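The chain contents come next:
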Amino acid sequence: MLQVENPATFRHYIDEPTENDSIIAQRVFNTYKQMHTYQCVDFVRKQHDRWLKFDHDRMTIYQALEKLNEFIDESDPDVDVPNIYHAFQTAEAIRKIYPDQDWFHLTGLIHDCGKVLALYNEPQWAVTGDTFPVGCQFSEKIVYRKNTFENNPDLNHPIYSTKYGMYTPNCGLDQCMMAWGHDEYLYRVLSNHPTCTLPDESLYIIRYHSFYPWHAGNDYMYLCNEKDLRMLESVRRFQKFDLYTKTDHDLPNIDELKPYYLSLIEKYIPGLVAW
Ligand SMILES: O[C@H]1[C@H](O)[C@@H](O)[C@H](O)[C@@H](O)[C@H]1O
Ligand SMILES: [Fe+2]
Ligand SMILES: [Fe+2]
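This structure is a prediction, so every number in the text was calculated from the model and none was measured. (Residues numbered from 1 in each chain as written. Chains lettered and ligands numbered in written order. Predicted model: local features only at pLDDT ≥ 70, side-chain atom pairs only at ≥ 80, totals over all residues. Heavy atoms only, no water.)

S.K.: Hey, could you run me through the packing of aromatic side chains in this one?
M.R.: Each aromatic ring pair is characterised by the separation of its centres together with the angle its planes make. The final tally for this structure, using the stated rule, is 28 aromatic pairs. Aromatic pair Y98 and F241: ring centres 6.1 Å apart, planes at 65°, arrangement edge-to-face. Of this pair, Y98 sits in the loop between α4 (83-97) and α5 (102-110) while F241 sits in helix α10 (residues 226-244), and the two are 143 residues apart along the sequence. Linked through ring pairs, Y164, Y204, Y208, F211, W214, Y220 and Y222 together constitute an aromatic cluster. Over the ring of F149 we find R145, and its NZ or CZ is 5.0 Å from the ring centre. (Phe/Tyr/Trp six-rings, centres within 6.5 Å; stacked < 30°, edge-to-face > 60°. Helix = DSSP H or I, 4+ residues; strand = E, 2+ residues; numbered from the N terminus. Lys NZ or Arg CZ within 6 Å of the ring centre and 35° of its normal.)

S.K.: Whenever I open this one, the site of ligand 1 confuses me. Can you help?
M.R.: Not every one of the 15 residues close to ligand 1 is listed here, only the nearest: D73, S75, K115, D130 and S210. In the environment of ligand 1, an oxygen atom lies 2.6 Å from a nitrogen or oxygen atom belonging to the side chain of D130. A distance of 3.2 Å separates an oxygen atom of ligand 1 from a polar side-chain atom of H182. Considering ligand 1 on its own, with 300 Å² of exposed area, one finds that the protein chains cover 98% of that surface. Looking at the shell around ligand 1 residue by residue, the classes come out as 3 nonpolar, 6 polar and 6 charged. (Near = heavy atom within 4 Å. Polar contact = N/O pair within 3.5 Å; in protein donor to acceptor, adjacent residues only side chain to side chain. Areas by Shrake-Rupley, 256 points an atom, 1.4 Å probe, with all protein chains shown as cover. Nonpolar A, V, L, I, M, F, W, Y, C, P; charged D, E, K, R; others polar.)

S.K.: Looking at this structure, I do not really get the UniProt feature "binding site: Fe cation" (unreviewed entry) in the protein chain. What am I missing?
M.R.: In the numbering used here, UniProt assigns the feature "binding site: Fe cation" (unreviewed entry) to H86, H111, D112, H182, H209 and D242. Filtering the just-named annotated residues for those lining the largest cavity gives H86, D112, H182, H209 and D242. Structurally, H86 is set in helix α4. Take H86: its relative accessible area is 2%, and that puts it in the buried class. In contact with H86, other than residues within four places in its own chain, are H111, D112, D242 and K246. Along the polypeptide, H209 turns up in the loop between α8 (200-208) and α9 (212-215). Accessibility expressed as a relative area gives 3% for H209, which makes it buried. At a separation of 3.2 Å, a polar atom in the side chain of H209 contacts the side chain of H182. (UniProt positions renumbered as here; feature names shortened; annotations may be inferred. 1 Å grid on protein atoms, 1.4 Å probe; cavity = no way out; pocket = protein on both sides within 12 Å on 5 of 7 lines; lining within 4 Å. Buried < 20%, exposed > 50% of the residue type's maximum accessible area, 1.4 Å probe, protein only. Contact = heavy atoms within 4.5 Å.)

Shown next as structure tokens:
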């Protein structure tokens with residue numbers, strides 16, 4: 001088990017921060033305010049059209065990871081260094097506790113690589129942050145649920161505002177359209193890569209790791225099928241490493257760790273990937 005000294009210090013979201021609150025608190029709130037204003041069924045459809053042709057770039061997974069050197073996540077109250085450190089912190093913590101599960105180490109390393117979207121001019125509210133399904137009622141468990149959705153075009157939609165919205169009971173999360181961001185994007189990129197041999201569990205973790213209203217809030221169970229409920233434990237197992245290893249001190253030595261992770265990429269996701 002991962003030892004966590006003080007879990008309550010993570011994911012602290014300050015409501016309606018003012019100038020007296022930290023810059024980070026303001027930046028996080030503004031990112032979610034925009035996300036909850038603009039993420040709607042129409043927007044997600046447009047993003048699928050735009051990004052699921054995989055005609056933006058060709059680069060290896062490691063090259064994508066290195067791009068996160070230039071990227072600070074504005075939705076995250078717990079990280080204020082480039083995201084590549086978070087990738088190695090997550091992976092190394094998993095490796096310590098599960099030395100034999102190399103696919104899980106690699107999952108930790110790459111799970112946020114979808115954030116390269118932001119380096120192709122996508123705004124952070126369409127890249128980072130927690131996710132939720134669009135096309136049905138927004139859960140009370142979404143962060144800042146009370147004061148950030150008032151201008152969302154789907155909020156009072158006759159179908160999308162109902163419990164099941166455009167879905168059916170227990171249809172399965174793969175039938176649901178999630179708010180567009182780094183999870184769904186990387187999942188689709190890897191599914192489209194002909195030589196990716198990561199196990200299903202890995203791809204599932206990548207796809208839903210930001211779905212906090214579900215895996216942490218226990219909501220949306222009425223959309224889940226058996227597979228989702230089976231995978232929930234895996235997502236939760238991953239989430240502890242993803243969240244509780246975030247620290248801006250003790251940054252990992254990337255050059256030292258690089259050869260091991262390059263070997264895992266060669267094993268599970270070799271070659272140039274289409275983005
Ligand atoms: O701010 C964070 C960050 O963007 C993570 O990458 C995402 O997975 C989390 O759900 C979110 O809370
Ligand atoms: Fe993430
Ligand atoms: Fe992460």
